[in-house]
Amino acid sequence: MSDALLIVDGLSIALPTGGDRPYAVEDVSFILAKGEILCIVGESGSGKSISASAIMGLLPRRLPAVKGSITFAGRDLLKLPKDAMRGVRGKDIAMIFQEPMTALNPIMPVGKQIAEVLEAHGVGDTGSRRARAIELLTEVGIPSPDQTVDAYPFRLSGGQRQRVMIAMALALKPSILICDEPTTALDVTTQAQILALIRDLQKTRGTGILFVTHDFGVVAEIADRIAVMQHGKIVELGTRDVVLDNPRHPYTQKLINAVPRLAMRMTAAVDTPPLLQVQRLSKTYWRGGLFAKKTPVHAVKEASITLARGETLALVGESGSGKSTLARCVVRLIEPTGGTIHVNGREITGLSQRDFKPLRRQIQMVFQDPFASLNPRKRVGEIVAEGPVTHGMPRAEAMEKAKELLQLVGLDRSSVSRFPHEFSGGQRQRIGLARALALEPELLIADEPVSALDVSVQAQVLKLIADMKKRMNLTMLFITHDLRVASEIADRIAVMQHGEIVEMGTPLAVLGNPQHAYTRTLIGAIPGVAWEATRS
Amino acid sequence: MSGFWKRFSRNKGAVIGCAIFAVVVLMAIFAPWIAPGDPWRMAGPPRTDAFDPAHWMGTDMLGRDVWATIVHGARVSLIVGGGATLAALLIGVTLGAVAGYCGGWIDDVLMRFTEFFQSIPSFVLALLIVAIFQPSVGSIVTAVAIVSWPPVARVVRAEFLSLRSREFVQAAVVLGQGTSQIIFGQILPNALSPIVVLSSFMVATAVLLEAALSFLGLGDPNVMSWGFMIGSGRSTIRIAWWTSVFPGIALFLTVLSLNLIGEGISDAMNPRLHDRGEA
């Protein structure tokens, strides 16, 4: 290929001895052509980010590249001395990272950070660098760039910070841009904008883009070609249409099948008596301190929802929409500032902690973060048995119950004597579910229970939650930012924006015929909607 | 945990520290058998030179055997070091945990209280307490504990502040566990490593404080202490150097060993601190 920008040939990166496999990346070969977007897709631990770091020469010393070559402009980057590599980095190959919140220096104006890139490579003088920074900020679509250039990162939103990162990366007109999960930390609507921006830049500048992601929706949206990685190897490599619509490798097939679909299901109305009634619930925080004027922040504003017994309601919204706050008010982790919550006809707002304790059995919660939600110092059996023990069950009986529950959620009975760190993310979410179910609740609140999981694991855990719900006749409030997941699991969907519920209805109604402008924006921003339509 | 011991035992300094400290502990336990008799009593002619066959560390101006005073002095050092540290931990952990977990005005009140103690020069405060309550092992332990708990409270509070927002703590609330159960059952076990490291350094500081108090003549008059020996030998250091030098070495080695152990524990508990340079 004459327009090949970067040739990775037989790259192998060793893992330290004692790892679960000898190589982090094994015999990886691909070519990145001028003006194309190559997506590397894989689940966590597949070696996709390590491959990207290798190209930038950012491998940690523990992970040496032992075989292969990375050829750029006739030179093998792996053999390049440090000084020469520094000249390539940023100038010829630039990179943007996942976390826009931490990737920028918090105590330096963004314009100066962009100018720094130019300075490091000896381009221009102070005045011209500033002008160039403003120019770049304009190009990446930052509002009022001549003011933003002097703003500190904390003034900018996540999406804007990621735009600044992109501006920095593009400052020296690199011929290759490496994007390591650049939109994973962003909301869908912001993600859609950033993806459009990357697409645009690639078209106008002809930059070759290596795009690392775990999200098939994003891949469908942006890729020209796709490389699928599993256990450090590329198992499938081909053009977008071939890999997405006609995957040949069983792993690719499994991954694509696991991607949840936007299911416009017609669901029957559940006409049992209501279990949970939330009426005009509000939570207002006051920002400002001793000397600053206090301003109210409405996290939840007069939100009302009703859950019939046995029903699943998905609460959908972007970060900061108040969906988690609402759920935490229901379990009284947060005290609401207005409105009422009734469970089984009994008002729980205003109950003292002691009066509320017996009711806690009825309302349980599954948390988002599989790593933070289990106490690392406790054995799994103890974690699951804790709830019943707290509510007066003898320890031995509770342990027996824990074993049964662990088996029920698909783990071994012997798991009781192991510690959380011995389990994978998906397994930990199963433990978290077992802990919630141990109290035999009527209402289960699931706060983004699958958003930290890989797509194939996500599908399994979702299925398990649905199974358990049916088996134990649970009523469920399911919080998610992912409309696809919501549509698959819920009887009804409620969309939240700025603390208010803007739309509520069956998946068919909300997704098929959205009434509110925000719902339409959300649906339009789902990555890979076009591909979705072609899926069988 | 086996990984912890492996890393700890690979640390040369820590192992040496453990060995020295073990010797001190053995001396304290078996003092009546190692150096029989009352260390305050005259054991030989006054000012016997060091390395004398009968008194290999010599005797002081009153004929007391320096070796016997070192062996018996180990006891009070360890009692004060251990006792004061335990008491300081009790105060510091409780206040820090409550402040960090509850936050709000409780945190404000407790932290201002802590700062009040931190703003008083700790040695002066200790001197004052011992002087008011008559010098005794009990009052020294109390004084040392009162001046050394504030750092514990601050460290524990900081740990609790970051741990209390973790989801496993919220999960415990949702399960219906009470506040004390969450503080001591859920969060405290996760905050132990910095507390353990800090307490080994606190023992060392307490030993030094006790020696300093005794040096100034505010030690327990019934108990032999290294600080007292250094103090009483001070005036004759040019004619009988051994009376202050040997207790000084004993003090130095004990404090050194505790610091080495503390460093070792700290490194073994946070192995990643040392990998950082590689990444």
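Predicted, not measured: the structure shown is a model, and the values here were computed from it. Per chain, residue numbering runs from 1 following the sequence as it is written. As they are written, the chains are lettered A onward and the ligands numbered 1 onward, keeping that order. This being a predicted model, a pLDDT of at least 70 is required before a residue's local features are given, and a value of 80 or more before pairs of side-chain atoms are given or counted; all residues contribute to the totals for chains, interfaces and linings.

Caption draft 1: Fine view of the overall build of chain B. Here a strand is any run of E in DSSP of at least two residues, a helix any run of H or I of at least four, and the numbering for each starts at the N terminus. When helices and strands are counted, chain B shows 13 helices and zero strands. In chain B, the succession of helices and strands from N to C terminus is α-α-α-α-α-α-α-α-α-α-α-α-α. Seen through its C-alpha atoms, chain B measures out along the principal axes to roughly 75 × 45 × 35 Å. When the 279 residues of chain B are sorted by exposure, 46% land in the buried category. Here, residue contact means that the backbone-derived C-beta atoms of the two residues sit within 7 Å. Long-range pairs, those at least 24 residues apart, make up 68% of the contacts in chain B with a sequence separation of at least 6. Three classes are used. A residue is buried when 20 or more other C-beta atoms lie within 10 Å of its own, exposed when 12 or fewer do, and partly exposed in between, with C-beta atoms placed from the backbone.

Caption draft 2: Representation of the sheet that holds strand β13 (residues 312-316) of chain A. Residues and elements named next belong to chain A. One open sheet holds the six strands; their spatial order is β16-β17-β18-β13-β19-β20, and the pairing between them is mixed. Lying at the two open borders of the sheet, with one neighbouring strand each, are β16 (363-366) and β20 (500-505). Strand-to-strand, the axes of this sheet are offset by a mean angle of 20°, without reference to chain direction. Looking at chain direction, strand β19 (residues 492-497) and β20 are connected through five bridges and run antiparallel. Its bridge partner lying in β20, Val-495 is registered against Glu-503. Strands β16 and β17 (443-447) of the sheet are contacted by helix α16 (residues 425-437), whose axis makes an angle of about 175° with β16. When DSSP finds two or more bridges between a pair of strands, those strands are recorded as paired. Under this scheme, a helix contributes an axis fitted over its contacting stretch, all axes are lines through C-alpha atoms, and angles between N-to-C directions fall in the 0 to 180 degree range.

Caption draft 3: Molecular detail of the sheet that holds strand β10 (residues 233-239) of chain A. All names here are of chain A. If you walk across this open sheet you meet the six strands as β6-β7-β8-β3-β9-β10, and the pairing is mixed. Where the open sheet ends on each side, the last strands, each with one partner, are β6 (93-96) and β10. Direction aside, neighbouring strands of the sheet carry axes that sit 15° apart on average. One ladder, built from five bridges, connects strand β3 (residues 37-41) with strand β8 (residues 208-213); its direction is parallel. By the bridge assignment for β8, Leu-38 is matched with Leu-210. Its contacts with the sheet put helix α7 (residues 158-170) on β6 and β7 (176-180), and the angle it makes with β6 is roughly 170°.

Caption draft 4: Structural context of the environment of Arg86(A). Residues and elements named next belong to chain A. If you trace the backbone, Arg-86 turns up in helix α2 (residues 82-88). The class of Arg-86 is partly exposed, set by 14 C-beta atoms lying within 10 Å. Residues Arg-86 and Pro-153 lie 67 residues apart in sequence; the distance between their C-alpha atoms is 25 Å.

Caption draft 5: Structural view of unusual backbone geometry. A positive phi is found at Arg280(A), a non-glycine position, where the angle reads about 45°. Relative to the elements of secondary structure, Arg280(A) occurs in strand β11 (residues 274-287). Since 13 C-beta atoms lie within 10 Å of it, Arg280(A) is described here as partly exposed. You will see that Gln134(B), though not glycine, has its phi angle at about 60°, which is positive. Assignment of secondary structure puts Gln134(B) in the loop between α6 (122-132) and α7 (137-163). By C-beta crowding, Gln134(B) is classed as exposed, having 11 other C-beta atoms within 10 Å.

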